[in-house]
Amino acid sequence: MTVSTAVTGLGWPEPGRSAEGSAVDLRPGRDTGDGLGWPDDADNGAGPGPAGSATDLRATQSTQIVTATDIVTDRVGEVGDLADIDTPIAHQAAAAVYVTTRRREPLPAPASTRVMVVANQKGGVGKTTTAVNVAAAMAFNSLRVLVIDLDPQGNASTALGIDHHADIPSSYDVLVEETPLAEVIVPVDGIDGLWCVPATIDLAGAEIELVSLVARESRLRKSLTAHLAALPENASYDYVLIDCPPSLGLLTVNALVGGDEVFIPIQCEYYALEGLSQLLKNIDLVRAHLNPVLAVTTILLTMYDGRTRLAAQVAEEVRRHFGETVLRTTIPRSVRISEAPSYGQTVMTYDPGSSGALSYLEAAREMAERGAKPSADPTGHIPKENP
Ligand code: ADP
Ligand code: MG
């Protein structure tokens, strides 16, 4: 695809400094040098390569975006007769059947529990929406999933229909009072195989209370390790998804120390990548000092609006920088996704035939099929040989 706009700013630092707005010029940090808040691809040799290669790559990458329409077209046929009736309602019904009853080909379970930290220090990028919907999609497909809500706002708890007023035992008790996880986990109503550790507003104080506690960064890890070790093999989780607050404080650090993989949702919007280098730096620090296995394994593009060139540009830039780590599936901007939490539901149950539900199911499927394969470079930077 051609990118003919002068760069109006995708969140890159100093966008005005790029030249004619060619594909190559769009590369953040390339013409602006170091220290501009971007993962420094100059350091790891991820330069644009020979003239023309960037453009070729863009063409390949564009074709890799999987939209909800593709999913409907490709997969809904699997549900049988309903998909043969060529009306919009039948199509949507077929999609709903596909999302809620797809048991013929259950998602593959990982060899051991994958603990994934859903993090991005920006608010409103789709962390919570992604955590709960991927979790629900996995649970609908026979996997066992635990969502740990680590945001004092408790949005994940709300979306899963879990009570989280101040008296409810919650992630605060686990972190601050050392309450065993088993005492705070609750099953999610209506979705077999899905559990949640709710967050209450108490957690807002935990950032400060944790400061003076022993082993303040690894309290979640200790609790989670003890819990997982005590579970019989057939009752263990396939996935634990930790929903982080929009900050890089001690709650997020506890999540990064407690998990093995970082899962970063990126909103396809203006300033999408602002601050991401700070998150990557923190991940590097945690890996160096507290959790050597931590790796950025998964990036998901959210709120993708296929009608705008901006969304396509953001998607291309993210793919250029993060390569294979980015899931092929993108999540479309969808009213149904944003309505679901006010009914205490995920979009998987609220409107299983919607494009949002299909996309989250597809993202979950991609994640499960990739297994625990980490990115070539755990920092999430593009490896040298992959321009
Ligand atoms: P975060 O957890 O990163 O702060 P949320 O998941 O809470 O972000 O999403 C922020 C807002 O955007 C919420 O109101 C949510 O309902 C809405 N939202 C998230 N994903 C989508 C989407 N794909 N389409 C439309 N609205 C979305
Ligand atoms: Mg959130």
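What counts, and at which threshold
- Residue indices begin from 1 for each chain and proceed along its sequence in written order.
- Chain letters start at A and ligand numbers start at 1, both assigned in the order the entries are written.
- With the structure being a predicted model, the display of local features is reserved for residues of pLDDT at least 70 and the display and counting of side-chain atom pairs for 80 or more, all residues being used for whole-chain, interface and lining totals.
- Side-chain numbers come from the whole structure's heavy atoms, not from hydrogens or water.
- Strands are runs of DSSP state E lasting at least 2 residues, helices are runs of H or I lasting at least 4, and numbering of each runs from the N terminus.
- Any two residues having at least one pair of non-hydrogen atoms within 4.5 Å are treated as being in contact.
- Per-residue accessibility takes into account occlusion by the displayed protein chains alone, with areas from the Shrake-Rupley method and a 1.4 Å probe.
- Throughout, an axis means a line fitted to C-alpha atoms (over the contacting stretch in the case of helices), and angles, computed between N-to-C directions, take values from 0 to 180 degrees.
- Angle categories are assigned with fixed cut-offs, so that under 35 degrees is roughly parallel, over 145 is roughly antiparallel, 65 to 115 is roughly perpendicular, and the rest are oblique.
- Under this grouping Gly is polar, as are all residues other than the nonpolar Ala, Val, Leu, Ile, Met, Phe, Trp, Tyr, Cys and Pro and the charged Asp, Glu, Lys and Arg.
- Each salt bridge in this description consists of a side-chain nitrogen of Lys or Arg and a carboxyl oxygen of Asp or Glu lying within 4 Å of one another.
- Whether a residue is buried, partly exposed or exposed follows from its accessible area with a 1.4 Å probe, protein chains only, as a fraction of its type maximum: under 20%, in between, or over 50%, in that order.
- Note: crossing handedness is left-handed where the near helix turns anticlockwise from the far helix by less than a right angle, and right-handed where it turns clockwise.
- The near set for a molecule or strand comprises every residue that places at least one heavy atom within 4 Å of it.
- By the criterion applied in these results, polar contacts are pairs of N or O atoms within 3.5 Å in which, for protein atoms, one can donate a hydrogen and the other can accept it, and in which residues neighboring in sequence qualify only through two side-chain atoms.
- For two strands to be treated as a pair, DSSP must find at least two bridges joining them.

Trainee: Quick question: what am I supposed to make of the overall build of the protein chain here?
Mentor: For the protein chain, the count of helices and strands is 14 helices and eight strands. For the protein chain, contacts bridging at least 24 residues in sequence account for 79% of all contacts bridging at least 6. If you sum the accessible surface of the protein chain, you get close to 15,900 Å²; carbon and sulfur atoms cover 54% of it.

Trainee: Mind showing me how you'd approach the packing of helix H4 (residues 127-140) against helix H14 (residues 355-370) here?
Mentor: A packed helix pair is summarised by two numbers, namely the angle formed by the two axes and the spacing between the axes. Running from N to C, H4 and H14 point in directions that differ by 75°, and their axes come no closer than 8 Å. When the axis of H4 is compared with that of H14, the two are roughly perpendicular. Contacts between H4 and H14 involve Thr129, Thr130, Asn133, Val134, Ala137 and Met138 from the former and Tyr360, Leu361, Ala364 and Met367 from the latter. Considered class by class, the residues forming the contact of H4 with H14 number seven nonpolar, three polar and no charged.

Trainee: Hey, could you run me through the pattern of salt bridges in this one?
Mentor: Oppositely charged side chains can pair when the atoms bearing their charge come close. In this structure the tally under the stated criterion is 13 salt bridges. Notably, a salt bridge pairs arginine 370 with glutamate 366, separated by 3.9 Å at the nearest N-O pair. Taken together, the residues arginine 370 and glutamate 366, both in helix H14 and four residues apart, mark about one turn of the helix. For glutamate 366, a relative accessible area of 14% puts it in the buried group. One salt-bridge network, held together by shared partners, links Glu178, Arg219 and Lys222.

Trainee: How should I be thinking about the packing of helix H8 (residues 219-230) against helix H9 (residues 250-258) in this particular structure?
Mentor: Two elements in contact, H8 and H9, have axes whose closest approach is 7 Å; the angle formed by their N-to-C orientations is 40°. One way to sum up the angle between H8 and H9 is to call them oblique. Seen from above, H8 lies across H9 with right-handed handedness. Only Asn254, Ala255, Val257 and Gly258 of H9 make contact with H8, whose side of the interface consists of Arg219, Leu220, Arg221 and Leu224. Its residues placed into classes, the contact of H8 with H9 shows four nonpolar, two polar and two charged.

Trainee: Would you explain the environment of glycine 371 in this entry?
Mentor: With respect to the helices, strands and loops of the structure, glycine 371 is situated in the segment after H14. As for glycine 371 and alanine 111, which are separated by 260 residues in sequence, their C-alpha atoms are 8.3 Å apart.

Trainee: Mind showing me how you'd approach the site of ligand 1 here?
Mentor: As a matter of local geometry, ligand 1 sits amid 14 residues, with Gly124, Thr128, Thr129, Pro332 and Ser334 nearest to it. In this structure, an oxygen atom belonging to ligand 1 sits 2.7 Å away from a main-chain N or O atom of glycine 124. At 3.1 Å, a backbone N or O of valine 125 approaches an oxygen atom of ligand 1. Elements represented by at least two residues in the shell around ligand 1 include exactly H4, strand E8 (326-332) and helix H12 (335-339). The element that contributes the greatest number of residues to the shell around ligand 1 is H4, accounting for three residues. The residue makeup of the shell around ligand 1, split by class, is five nonpolar, seven polar and two charged.

Trainee: Even after reading the chapter, I still don't get the sheet that holds strand E1 (residues 114-118), so can you show me in this structure?
Mentor: Picture the strands of a sheet paired through backbone hydrogen bonds; they go either parallel or antiparallel. The strand order across the open sheet built from eight strands is E3-E4-E2-E5-E1-E6-E7-E8, with neighbouring strands paired in mixed fashion. Pairing within the sheet leaves two strands with one partner each, and these edge strands are strand E3 (186-187) and E8.

Trainee: Teacher, can you tell me more about the environment of leucine 250 here?
Mentor: With respect to the element layout, leucine 250 can be found in helix H9. Given the relative accessible area of 14%, leucine 250 is considered buried. Once the C-alpha coordinates of leucine 250 and serine 218 are considered, the two residues, 32 residues apart in sequence, prove to be 9.6 Å apart.

Trainee: Help me understand the pairing of E1 in this model?
Mentor: Regular strands have side chains that alternate between both faces of the sheet. Burial analysis of E1 places five of its five residues in the buried class, which makes it a mostly covered element. Residues Arg114, Met116 and Val118 point to one face of E1 and Val115 and Val117 to the other, with burial holding for every one of them. Strand direction decides the pairing type here: E1 and strand E5 (residues 239-243), joined by five bridges, are parallel. Counterpart to valine 117 in the pairing with E5 is isoleucine 242.

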